[in-house]
Structures are given as structure tokens and as C-alpha cells.
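The primary structure of each chain is shown beneath.
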Amino acid sequence: MTCFNTIAEGVIKGNEKLVRQNVQELIDEGSNPLEIINQGLMAGMNVVGARFKKGDMFVPEVMMAARAMNSGISLVKPLINDGDMPSVGKVVIGTVKEDLHDIGKNLVAMMVESAGFNVINIGIDISPEKFAEAIKEHKPDILGMSAMLTTTMMQMKQTIEYLKNEGLRDKVKIIIGGAPVTQQFAEEIGADGYSVDASSAAELCKKLLCA
Ligand code: B1M
């Protein structure tokens, strides 16, 4: 008999096969899809987030866990009406113009998604104009920008300036992150928040929407 804990354990271990098998069994037994997400998949990812933050889990393990979780979600998603899908808000995320690094940004996207947000990952090398288009198209609650180079972090400032000129700045909360980025820099350029890693980015998103 499959139980939610087995699924949570599968996520924590990054065991995609185990997760898929057990999610499918619960679906076949008639379990509620939202309970599979909340009590199985998300419960596992919450543990992963906490361990990653403490330094007890590392990037490759977190990515495997996120992949296992997403794989489980893909089985359950067709059974849920869009309106029922637990989403605490919408986040658009991208790496800034002239920056091709995406591993950290993807990890942030996965962790934020695992925290219950609807995440639209618009990729790398995203110009201020493209960020603006994405805001108009997707109407997110939060815009996330990632930069890994000291030369590209200034693109964050330019994007915020561009959004101000386009009248879009106040339509979203803006969070930033990436290796050269700091809390002080976030304050200087007028971002709403900074986080050092993927699990604190998920916490920051929740905090900003509750504020
Ligand atoms: Co590049 N690279 N790279 N690189 N690269 C760095 C960043 C560098 C520090 C290496 C070094 O010299 N020691 C250096 C930057 C120096 C600087 O500016 N201070 C550097 C350089 C110089 C370059 C090139 C210029 C090299 C060259 O061509 N001469 C070039 C630039 C290309 C470009 O972008 N235009 C380049 C290219 C590349 C590759 C393409 C080869 C590859 C990227 C592959 C990819 O991403 N698909 C690459 C890689 C892999 C790295 C290193 C080795 C690893 C980055 C990484 O993925 N880390 C990196 C050195 C390093 O960091 N040790 C380096 C793992 C990842 C999980 O962590 O990205 O920090 P991280 O993300 C974290 C946090 O930062 C935070 O959460 C994440 C998860 O916890 N975070 C956010 C990130 N985004 C966030 C957004 C948020 C919140 C938190 O809110 C929205």
C-alpha cells in the first residue's frame, strides 16, 4: 500500500522512478490529487529546502529532488482543474541580458515552483524590453532576475529603470540574486528583495506576497 511518506522520501532521495511509481499507484487507488501534491511531493520538497539551507544537501541532490518532484507533478496535473492547482502567486524569472548562466536561476525556479508558485522561466540573456514584455503578457506578482557576472549585474538596475519608464515597476515585486549580488546592491537599485540561494528565494517570495 502506497503512502504519502513514500513519495516524500522519493523526492528527498531524488528518486524519480520511485516517485512516479508511487504517485501513479495513489492515483490508481483514487487518492485526491491535491493531497498527493501537498502531503507527498511538497512535503518532501519542504524537507529538501530546509536541508539545502542548512548545507546538508548540495546542488546536484537538490536538482535531482526537484526533477523527481516535477515528474510526479506532471502525472497529477492533468487530474486537477487549473483553478484548483495550489498556486500562491505567479513568478516570472530570467537571467539578465548578456548573461548565459542558468543553473542557479533554474534551481531558484524549481524551488519557488515547489513552494506552490506558478513559475514562468523565460530563460537567459533577457533584455529589459523582454522582461517588460513578459510582465505585460503574464502579469506576474513577482519578477525575479538572476545575474552571475559583475559585468551583467548592472543590467538589473537598467531593467528596473526601464520598467519605471514603461510604467510597469509598481505592477510587480522585484527580487534579485546571483553570486555577485548583495542585499546592499538590491537596496541601491530599488529591488524589493534579495536572496542568497534557492530556498531563501522561495521564502522571500512567500514573504513578499504576505506583506
Ligand atoms: Co561562468 N563565471 N562564465 N560559466 N561560471 C562564473 C560565474 C565565475 C565566478 C567563474 C570564475 O571566474 N571564478 C566568473 C564570473 C566572475 C565575475 O564576474 N565576478 C565566470 C565567468 C568569468 C564566465 C565567462 C565570462 C567566462 C569566459 O567566457 N571567459 C563566461 C560568461 C558567459 C556569459 O554569461 N556571457 C562564463 C560562462 C560559463 C559557462 C557557460 C561555461 C557555464 C554556465 C553554464 C550554465 O549556467 N548553463 C559557467 C559556469 C558553470 C560557472 C560557474 C563555474 C558555476 C556557476 C553555477 O552554475 N553555480 C561559476 C563559478 C562559481 O560560481 N563557482 C562561473 C551553481 C549554481 C547553483 O549557483 O549560480 O550561484 P549560483 O546560483 C545560486 C545563487 O547565486 C542564488 O541561488 C542559486 C542556487 O542556490 N541565485 C539566486 C542565483 N540566481 C538567483 C536569483 C534569485 C535569487 C537567488 O532571485 C531571482
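Cut-off values and rules
- Residues numbered from 1 in each chain as written.
- Predicted model: local features only at pLDDT ≥ 70, side-chain atom pairs only at ≥ 80, totals over all residues.
- Heavy atoms only, no water.
- Donors = N, O, S within 2.8 Å, 3.2 Å for Na, K, Ca; no water.
- Helix = DSSP H or I, 4+ residues; strand = E, 2+ residues; numbered from the N terminus.
- Near = heavy atom within 4 Å.
- Polar contact = N/O pair within 3.5 Å; in protein donor to acceptor, adjacent residues only side chain to side chain.
- Domains from an automatic or database assignment.
- Contact = heavy atoms within 4.5 Å.
- Buried area = accessible area lost by both parts, 1.4 Å probe.
- Salt bridge = Lys/Arg side-chain N within 4 Å of Asp/Glu carboxyl O.

Comments concerning the coordination of the cobalt atom of the ligand
So, point 1. Of the protein atoms, His101 (NE2) alone serves as a donor to the cobalt atom of the ligand, at 2.2 Å.
So, point 2. Mapped onto the secondary structure, His101 falls in the loop between β1 (90-96) and α5 (103-114).

Brief notes about the site of the ligand
So, point 1. Surveying the vicinity of the ligand reveals 26 residues, the closest of which are Leu100, His101, Asp102, Ser146 and Thr150.
So, point 2. Within the backbone of Asp102, an N or O atom sits 2.7 Å from an oxygen atom of the ligand.
So, point 3. Between the ligand and Ala179, the relevant distance is 3.4 Å, taken from an oxygen atom to a main-chain nitrogen or oxygen of the residue.
So, point 4. Those elements giving two or more residues to the shell around the ligand turn out to be α5, β3 (142-146) and β4 (173-177).

A closer look at the domain arrangement of the protein chain
Accessible area lost upon the coming together of the parts serves often as the stated size of an interface.
So, point 1. Split by domain assignment, the protein chain resolves into domain 1 (4-84) and domain 2 (90-210).
So, point 2. Put simply, the middle of domain 1 and the middle of domain 2, counted by C-alpha atoms, are 25 Å apart.
So, point 3. Counting residues at the interface gives 11 residues for domain 1, matched by 12 residues for domain 2.
So, point 4. Between domain 1 and domain 2, a total of about 1000 Å² is buried, with carbon and sulfur atoms accounting for 71% of that surface.
So, point 5. Broken down residue by residue, the surface that domain 1 buries against domain 2 is led by Phe52, Lys53 and Met63, which jointly contribute 42%.
So, point 6. For the pair domain 1 and domain 2, the interface holds 1 salt bridge.
So, point 7. Counting the contacts that link domain 1 with domain 2 gives 1 residue pair in polar contact (both at pLDDT 80 or more).
So, point 8. Broken down by secondary-structure element, the contributors of at least two residues to the side of domain 1 that touches domain 2 are α3 (33-54) and α4 (59-76).
So, point 9. Among the elements that line the side of domain 1 that touches domain 2, the one with the most residues is α4, at 6 residues.

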